[in-house]
Amino acid sequence: MVVRGGSSPRRWVRKQWLVIAVAIAGVGTAAVWLGRLGDPLGAGSGSPGRPESSSYPTSTGGLNGQDSVGEVGRPGVPGEGEQKKASPLSAGPVWLTDATDSSGIDFHHTDGSSGRRYIVETVASGVATFDYDGDGLVDVYFVNGAPLADAPGEHGPKNRLYRNQGGFRFVDVTDQAGVGDIGFGLGVAAGDYDNDGDVDLYVSNFGPNRMYRNNGDGTFTEVSRTAGTEAADPTKVGAGVSFLDMDLDGDLDLFVANYLVFSCEHHVTNTWRGVPIYAGPERYPPLAATVYSNEGDGTFVDASLEVGVTRFPGKGMGMVCADYDNDGDTDVFVANDGPPGNFLFRNDGRGRFEEVGTLLGLAFSGMGIVNGSMGADCADVDNDGWLDFYVTSYQRQFATLYRNIEGRMFEDITAFSGAGRRSYNQVTWGCGLVDLDNDGYRDIFFGCGHLLDNIDQLDNTTSYETWPVVLHNTGRGTFRDVSESSGVWRLERSVARGVAFDDLDNDGDLDVVILNSRRRAFILRNDSANQNHWLQVRLVGTHSNRDGVGARVKVVAGGLVQTDEVHAGRGYQSHFGTRLHFGLGEYDHVDRIEVHWPGGGSDLLTDVAADQLVTIVEGRSKPE
């Protein structure tokens, strides 16, 4: 059955509702709908398919008056015939070199594009960077889509694993490793769920999910059915996934966000101004997340009802698990694509969750707008010891930076800080709060690209293809747009989805991997020219989970104090950064490293030389 929609692409978009969330002490949370603020189908406006934000300027002026809407769909971009001017000799604090052609990575993404415009095509897929073979080099795993109307063939598109050979060279080992799933892939996370010393892999699909147990010899065994993590509902559209130790019992549990209910038989078609476009998520039922509790014997049980998440269906996209309130247990943030807003599940210390997103200010933008959220990451951007959150979103909404105020509430500081520059007229996806120039402050990187493949016919303020954005943290509470001088404008324009950040060549700075929808991936080598120092920390749990997921690390170098956590699953349906990276600026040694493990243990190292990878084993208080 094909359900045909009318001319309005989204009911909750067209009415342009403003949500003001009112937290009522002791009673709960109420949402007040105040009425129509605009009509995206009217003359002069025009963002089909998603909500517009009316809390910021809509044309020139932009964020803090510094962005303008360019003719080719990006603020301030050069025209089609202009030369993009940037070179390593004139570069700013960050320089990223396109090393794709020489890397050996030839992955080309497919979303199964059939011309029928199935909604799942628009949201695929994520990417993971992790060391699958334990050789000290970070490898790359790309999740792929698949044909939807017809069953994929044996030689059709599949997920791909590339082994890092060193020297920024990679080789495809998908078939040898046994991880070439041919399902329609969306999210991915990596974690050692059986604590045997090698990293396992979980892939969230449209349809049954896949759990790959690492055999420790360069191969994997698919065990989702026997492990109890298959989630075999054929109408389930998956999303971001994360490993976490929610009950502090020493093994990794699994939090699986879900997007919506879909089947090709119940596909909704849509048009806008007479042009066929993808239908929006409001046309499909939402889904609650699925939570799997690790039994410690290689199997999991579905604990969704017991932990309290089944009461909160949403349109999950990206997610990240982190201890936002510094109480020693891991909480969960899920970015939702529209109503009811983002979820923040607060852990009670026993693996039970209370949803507090609206109460604490993370559900909506600072003006109460329900954003079409996409990716999510967290880090301590202001070095105050509390993890802040960054969430990407749809066109005519700013990617949003939420400052953590001592775990009591979050403040939207996007406009003040400049953290949303160049995001307003694009759809923004994979993101990272990462220190790209090793100065000790987390920068912002996010990928862009519309989900309507014919948006250029309908809206001249945006574009289907565009470039990523790099925002440099000044260390004074603001971000400076350095995209033009960072090398990313030398890339071909593309359509980003998942983005991952890791040191792929072990030279002490973070490189970037971008999965592009329907296109080849990008591998960006960090060639930033500076003399800044760095430190990387790899954790090995003994009483805690083997990967140290959920452990908090504090690094003190002179007056520079940084805090980070080990996360497993983050960004837009992606995984990266299990090996923690700290830029140290001018400091050539670290005064101390404090590790606080899940469950309460701690280790302290002092007087550690900079510019090295330090492996810390729980309980030994000295580097390996």
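Here is what the cut-offs are and how they apply
- Once a new chain begins, its residue numbering starts again from 1 and follows that chain's sequence as written.
- In keeping with the model being predicted, local features are shown solely for residues with a pLDDT of at least 70 and side-chain atom pairs are shown and tallied solely at 80 or more, while totals for entire chains, interfaces and linings include all residues.
- The side-chain numbers reported here are obtained from all heavy atoms of the structure, hydrogens and water having been left aside.
- Secondary structure elements are defined from DSSP: runs of H or I of at least 4 residues count as helices, runs of E of at least 2 residues count as strands, and each element is numbered from the N terminus.
- For every residue, the accessible area (1.4 Å probe, protein chains only) is compared with the maximum for its type, and the residue is labelled buried under 20%, exposed over 50%, or partly exposed between those bounds.
- The protein chains shown are the only cover counted for residues, whose accessible areas, like all others here, come from Shrake-Rupley with a 1.4 Å probe.
- Two strands qualify as a pair provided DSSP detects at least 2 bridges between them.
- Lines fitted to the C-alpha atoms define the axes, with helices restricted to the stretch that makes contact. Angles between their N-to-C directions range from 0 to 180 degrees.
- Grid points spaced at 1 Å and placed over the protein atoms alone form the basis of the search, with a cavity being a set where a 1.4 Å probe fits but cannot get out and a pocket an open set showing protein on both sides within 12 Å along at least five of seven lines. Lining residues have an atom within 4 Å of a point.
- Grid points are joined across faces, edges and corners, and a volume is the space filled by probe spheres set on the points.
- Charged residues are taken to be Asp, Glu, Lys and Arg, nonpolar residues to be Ala, Val, Leu, Ile, Met, Phe, Trp, Tyr, Cys and Pro, and polar residues to be all remaining types, Gly included.
- Where each domain starts and ends comes from a domain assignment, either automatic or drawn from a database.
- Any carboxyl oxygen of Asp or Glu within 4 Å of a side-chain nitrogen of Lys or Arg constitutes a salt bridge here.
- Along the chain, pLDDT gives the predictor's confidence residue by residue, from 0 to 100.
- The contact criterion used is simple: two residues touch if any of their non-hydrogen atoms lie within 4.5 Å.

(A) Inspection of the overall build of the chain at higher detail. Check the secondary structure of the chain and you find 7 helices and 40 strands. Scored against the burial criterion, the 624 residues of the chain give a buried share of 62%. Surface accessibility of the chain: about 21200 Å² in total, with carbon and sulfur atoms responsible for 48%.

(B) View of the sheet that holds strand β33 (residues 522-526). Across the sheet, which stays open at both edges, the 4 strands sit in the order β4-β33-β32-β31 with antiparallel pairing between neighbours. Only two strands of the sheet have a single partner each, and these edge strands are β4 (96-98) and β31 (496-502). If you compare each strand with its neighbour and ignore which way they point, the axes differ by 25° on average. Alignment of β4 against β33, held across 3 bridges, turns out to be antiparallel. Paired with Asp 98 across the bridge in β33 is Leu 524.

(C) Structural context of the layout of surface pockets. Put simply, the largest pocket is a space of about 510 Å³. The wall of the largest pocket is formed by 27 residues, among which Asp 131, Val 199, Arg 538, Asp 547 and Thr 578 lie closest to the centre. Taken together, the residues of the lining of the largest pocket break down into 9 nonpolar, 10 polar and 8 charged. Among the domains, domain 1 (96-534) and domain 2 (535-617) are the pair contributing at least three residues each to the lining of the largest pocket.

(D) A look at the pairing of strand β8 (residues 169-172). Summarising the sheet, strand β7 (residues 160-166) and β8 pair through 4 bridges and their orientation is antiparallel. Of the residues in β8, the one forming a bridge with Asn 164 is Phe 170. Where β7 folds back on β8, the antiparallel hairpin that results is connected by 2 residues, among which Gly 167 adopts a positive phi of roughly 65°.

(E) View of empty space enclosed by the protein. The final tally for this structure, using the stated rule, is 7 cavities of 30 Å³ or more. Looking at the largest cavity, its volume works out to about 120 Å³. Around the largest cavity sit Val 434, Arg 442, Phe 501, Leu 510, Asp 564, Arg 570, Phe 576, Gly 577, Arg 579, Leu 580 and His 581, which together line it. Classifying every residue of the lining of the largest cavity by side-chain character gives 5 nonpolar, 2 polar and 4 charged. Split by domain, the residues of the lining of the largest cavity number at least three in each of domain 1 (96-534) and domain 2 (535-617).

(F) Inspection of the pattern of salt bridges at higher detail. All chains considered together, the criterion is met by 26 salt bridges. Between Arg 520 and Asp 101 there is a salt bridge; the shortest N-O distance is 3.2 Å. Of the two residues, Arg 520 sits in the loop between β32 (511-516) and β33 while Asp 101 sits in helix α2 (residues 100-103), which places them 419 residues apart along the sequence. Note that Arg 518 and Asp 453 form a salt bridge whose closest N and O atoms lie 3.2 Å from each other. One end of the pair, Arg 518, is in the loop between β32 and β33; the other, Asp 453, is in the loop between β28 (443-448) and β29 (469-473), with 65 residues separating them in the sequence. By relative accessible area, Arg 518 is classed as partly exposed at 23%.

(G) Just the sheet that holds strand β25 (residues 400-405), in detail. Ordered in space as β23-β24-β25-β26, the 4 strands form an open sheet in which the pairing is antiparallel. Each having just a single partner strand, β23 (376-379) and β26 (409-412) make up the two edges of the open sheet. Put simply, the sheet's adjacent strands are angled 25° from each other on average, direction ignored.

(H) Representation of the pairing of strand β15 (residues 268-272) in the model. Of the two faces of β15, only one is covered, namely that formed by Val 268, Asn 270 and Trp 272; the face formed by Thr 269 and Thr 271 stays uncovered. Judged from the 3 bridges that link them, β15 and strand β16 (residues 275-277) form a sheet pairing that is antiparallel. Bridging from a neighbouring strand, Asn 270 pairs with Ile 277 of β16. Count of turn residues in the β15/β16 antiparallel hairpin: 2 residues, of which Arg 273 carries a positive phi of about 55°.

(I) Seen up close, the confidence of the model for the chain. Taken as a whole, the chain shows an average pLDDT of 87; of its residues, 84% reach a score of 70 or greater. Low pLDDT, under 50, characterises residues 1-47; the predicted model gives this stretch 124 contacts beyond four residues in sequence or across chains.

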